[in-house]
Amino acid sequence: MFSEEHQLADLLNQFNTTADTGQNRLVYSEQWLHNQKTLILLGQKYGAKAIVDDYGNVSLDFPGQEATLPIATGSHMDTVRQGGRYDGLYGVLGGFCAIQKVYQQGSLPKKPLRLISFSEEEGSRFPAAFTGSKHYTGQQQQVAALVDETGITFAQARENAIKQLQAMPDVRRQRAPLPANFTELHIEQGPRLSQAHQSIGLVTGIVAQNRYNVTVHGQANHAGTTPRAQRQDAIATASHLMARLYDLVDRSSNSLTFTIGEIRVSPNVSNVIAESCTFTIDCREESDERLATFLSAMNTVVKQFDNVTIEQTLHVPATLLSQALRKQNAEIATQMKFPFRELFSGAGHDSQIMNTVVPTTMIFVPSKAGISHAPAEYTKMSDLLIGVALLTASLSAQANE
Ligand code: GLV
Ligand code: MN
Ligand code: MN
Ligand code: MN
């Protein structure tokens, strides 16, 4: 097993297909499917048993001396639209390299190891996020009827992709039994580590997050002939509402983040008054209580506008990750002389969901200039390799305890 070494740089090049325009590995897309297939073949080549569940989460189980629950690592395979080369994928491929290195140490580890490539974390194709890890952990979800921007339902997209993955030779089709614990390697996606010249972040917790779709309803009509009193212009109302919400944000705590990242207008034609304008809200806070206070004020503002509907598409509470696993990683990082700091994550992660069922921890590496969810996302190879080295030592320690 693992006689030849797969290098992280080569794997990242192989799994990232586009250059300057960013990665578009939306869940169940062709590129997503291609990558999950490639990963399964890679794992099988090195003796892993592949499991694919009905959401397309891939688990690769590598053997241990004892038949105990596996020590797991991994992250998500999907990206946002025009995303970067590392978000999610680094945790999958860096996890593969770390597992490879544990097996190269000689004897089989006592406990089995597992690499997980979650199907979807970003919520970029359908208005639902973490659908992969939620399924993995047995949460019920009502997502089948959600549609993407082309009108394809989640159920249709999923079925088409999953049947191809599950038809691969020697793939077990089932929900994977839960592992003993979970460690996610990830880029920081913010500026703190790079500003502090530290190579490692050990994550204490993850922000609470709510997302919404807000729709303003108007009346499509002629841009040039409709008198002012008769115009029901969805964009005019939406822009007033957005300005009021941004005012509210300005008066809130500094740890609140508020993003209107997507606006859809119908019919989206220059000489037609907009019939509808739908925009998303992504709202995060370190504290559940402060988030709830802001959301209540936000809903009060929304209610002051006529012809507006608001639908919640995501709620995840703030999460405190495993202290015991973080402490163990801090000790290993100290021994390995890697400068590290403990930090809270403003980005959402599958670890938030895994942490509800098994002890979970995260290892961050720096993001250049703190840029992420954009084609300019970059982490230098030496930092990526420090993350893999810490993960290797961590998995090896856990698997041989
Ligand atoms: C996902 O990466 C998120 O934090 O939005
Ligand atoms: Mn991610
Ligand atoms: Mn992301
Ligand atoms: Mn994320």
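Since this is a predicted model, take the numbers as computed values, not measurements.

Undergrad: Report on the overall build of the protein, specifying residues and quantitative values.
TA: Counting its secondary structure elements, the protein contains 11 helices and 17 strands. Taken against the 2.2 N^0.38 rule, which gives 21 Å for 401 residues, the C-alpha radius of gyration of the protein at 22 Å falls within 12% of a compact globule. In terms of overall dimensions, the protein has C-alpha extents of about 80 × 45 × 40 Å along its principal axes. Of all 401 residues assigned to the protein, the portion counted as buried reaches 46%. Looking at the protein alone, contacts between residues at least 24 apart form 78% of all its contacts between residues at least 6 apart.

Undergrad: Tell me what's going on with the domain arrangement of the protein, and back it up with residues and numbers.
TA: When the domains of the protein are assigned, the result is domain 1 (8–207 + 319–399) and domain 2 (209–316). Here the C-alpha centre of domain 2 lies 33 Å away from the C-alpha centre of domain 1.

Undergrad: Describe the confidence of the model for the protein, naming the residues involved and giving the relevant values.
TA: In the predicted model, the protein carries a mean pLDDT of 97, and the fraction of residues at 70 or more is 100%. For this predicted complex, the interface score ipTM comes out at 0.93, alongside a pTM of 0.94.

Undergrad: Would you mind going over the nonpolar core in detail, with residue names and values included?
TA: Counting residues in hydrophobic clusters, the biggest one holds 70 residues, and the most contacted among them are Leu-93, Ile-99, Ile-200, Ile-363, Phe-364, Leu-390 and Leu-395. Counting residues in hydrophobic clusters, the runner-up holds 19 residues, among them Val-207, Val-214, Val-216 and Leu-241.

Undergrad: Give me the environment of Gln-198: which residues, what numbers.
TA: Mapped onto the elements, Gln-198 comes out in the loop between α6 (192–196) and β7 (200–206). Under the C-beta neighbour-count criterion, Gln-198 is labelled partly exposed, with 19 such atoms within 10 Å. Here the alpha-carbon distance between Gln-198 and Val-365, two residues 167 residues apart in the chain, equals 8.3 Å. In this view, Gln-198 contacts Leu-193, Pro-339, Phe-340 and Arg-341; residues no more than four positions away in its chain are not counted.

Undergrad: Can you tell me about helix α8 (residues 288–303), naming the residues and giving the values?
TA: Taking 1.5 Å of rise per residue, the 16 residues of α8 would be expected to cover 22 Å, and the 22 Å separating its terminal C-alpha atoms lies within 8% of that figure. Taken together, the buried positions of α8 are Leu-291, Phe-294 and Met-298. All buried residues of α8 fall inside an arc of 70 degrees around its axis, so they share one side. Exposed and oriented more than 90 degrees from the buried face of α8 are Glu-289, Ser-296, Asn-299, Thr-300 and Lys-303. Here the buried face of α8 lies against β8 (208–217), α7 (234–250) and β13 (276–285).

Undergrad: Explain unusual backbone geometry residue by residue, including any values.
TA: Note the cis peptide between Ser-266 and Pro-267, where omega equals 5 degrees. Position of Pro-267 relative to the elements: it lies in the loop between β11 (263–266) and β12 (272–273). Positive phi is not limited to glycine here, since Asp-170 has a value of about 60 degrees. With respect to the helices and strands, the residue Asp-170 is situated in the loop between α5 (154–166) and β5 (171–173). A count of 8 C-beta atoms within 10 Å places Asp-170 in the exposed class. In the Ramachandran plot, Asn-307 falls in the positive-phi region, its phi being about 60 degrees despite a non-glycine side chain. By the secondary structure assignment, Asn-307 is in the loop between α8 and β14 (308–316). For Asn-307, a count of 13 C-beta atoms within 10 Å corresponds to the partly exposed category.

Undergrad: Account for the UniProt feature "domain: Peptidase M20 dimerisation" (unreviewed entry) in the protein, with residues named and values stated.
TA: UniProt feature "domain: Peptidase M20 dimerisation" (unreviewed entry): in the numbering of this structure it lies at residues 212–304. Summarising residues 212–304: 35% helix, 29% strand, and an end-to-end C-alpha distance of 17 Å.

Undergrad: Which residues make up α5, and what values go with them?
TA: In this model, α5 (13 residues) spans 17 Å end to end at C-alpha, consistent with the 18 Å of a helix rising 1.5 Å per residue. Turning to α5, its buried residues number three or more, namely Phe-154, Ala-157, Arg-158, Ala-161, Ile-162 and Leu-165. Down the axis of α5, the smallest arc covering the buried residues is 110 degrees, so these residues share one side. Along α5, exposed side chains directed more than 90 degrees from the buried face belong to Asn-160 and Lys-163. Elements that come into contact with the buried residues of α5 comprise α2 (30–45), β1 (49–52) and β5.

Undergrad: For the pairing of β1, give the residues involved together with the corresponding values.
TA: Both β1 and strand β2 (residues 58–62) contribute to a ladder of 4 bridges, which runs antiparallel. Counted as the bridge partner of Val-52 is Val-58 from β2. Connecting β1 to the antiparallel partner β2 that follows it, the hairpin turn spans 5 residues, and Gly-56 within it adopts a positive phi of roughly 90 degrees. Pairing of β1 with β5, which is carried by 3 bridges, proceeds in the parallel orientation.

Undergrad: Report on the packing of helix α9 (residues 323–335) against helix α11 (residues 381–399), specifying residues and quantitative values.
TA: Direction vectors running N to C along α9 and α11 enclose 125 degrees, while the axes themselves pass 10 Å from each other. Classified by the interaxial angle, the pair formed by α9 and α11 is oblique. Taken as a pair, α9 and α11 cross one another with a handedness that is right-handed. Residues Gln-328, Asn-329, Ile-332 and Ala-333 of α9 form the contact with α11, whose own contacting residues are Leu-390, Ala-393, Ser-394 and Ala-397. Among the residues forming the contact of α9 with α11, the class breakdown is 5 nonpolar, 3 polar and no charged.

How each quantity is defined
Per chain, the residues get numbers from 1 upward, laid out in the order the sequence is written. Throughout, the order in which chains and ligands are written sets their labels, letters from A for the former and numbers from 1 for the latter. Reporting of local features is limited, given that this is a predicted model, to residues whose pLDDT is at least 70; pairs of side-chain atoms are given and counted only at 80 or more, and all residues count toward the totals for whole chains, interfaces and linings. For the purposes of this entry, the term helix denotes a DSSP run of H or I that reaches at least four residues, the term strand denotes a run of E that reaches at least two, and both are numbered from the N terminus. As a reference, a globule follows 2.2 Å times the number of residues to the power 0.38, and the radius of gyration itself is taken over C-alpha atoms. With C-beta atoms placed from the backbone, a residue counts as buried when 20 or more other C-beta atoms lie within 10 Å of its own, as exposed when 12 or fewer do, and as partly exposed for counts between those limits. The contact rule is simple: place each C-beta atom from the backbone, and if two of them lie within 7 Å, those residues are in contact. Each domain span listed reflects an automatic or database assignment of domains. For every residue, the predictor assigns a confidence score, pLDDT, that lies between 0 and 100. As used here, a nonpolar core is made of buried Ala, Val, Leu, Ile, Met, Phe, Trp, Tyr and Cys residues. They are joined through C-beta atoms within 7 Å. The span you would expect from a helix comes to 1.5 Å times its residue count less one. Throughout, the arc means the angular range of directions from the helix axis out to the C-beta atoms. UniProt positions are given in the numbering used here, feature names are shortened, and annotations may be inferred rather than shown by experiment. We treat two strands as partners when DSSP finds at least two bridges between them. The axes are straight lines fitted to the C-alpha atoms, using for helices just the contacting stretch, and the angles between their N-to-C directions are given from 0 to 180°. Any angle that falls under 35 degrees is termed roughly parallel, while one over 145 is termed roughly antiparallel, one within 65 to 115 roughly perpendicular, and all others oblique. By definition, any crossing whose near helix is turned counterclockwise from its far helix by less than a right angle is left-handed, and any crossing with a clockwise turn is right-handed. Following the grouping adopted for this structure description, the nonpolar residues are Ala, Val, Leu, Ile, Met, Phe, Trp, Tyr, Cys and Pro, the charged ones are Asp, Glu, Lys and Arg, and the polar ones are all others, Gly among them.

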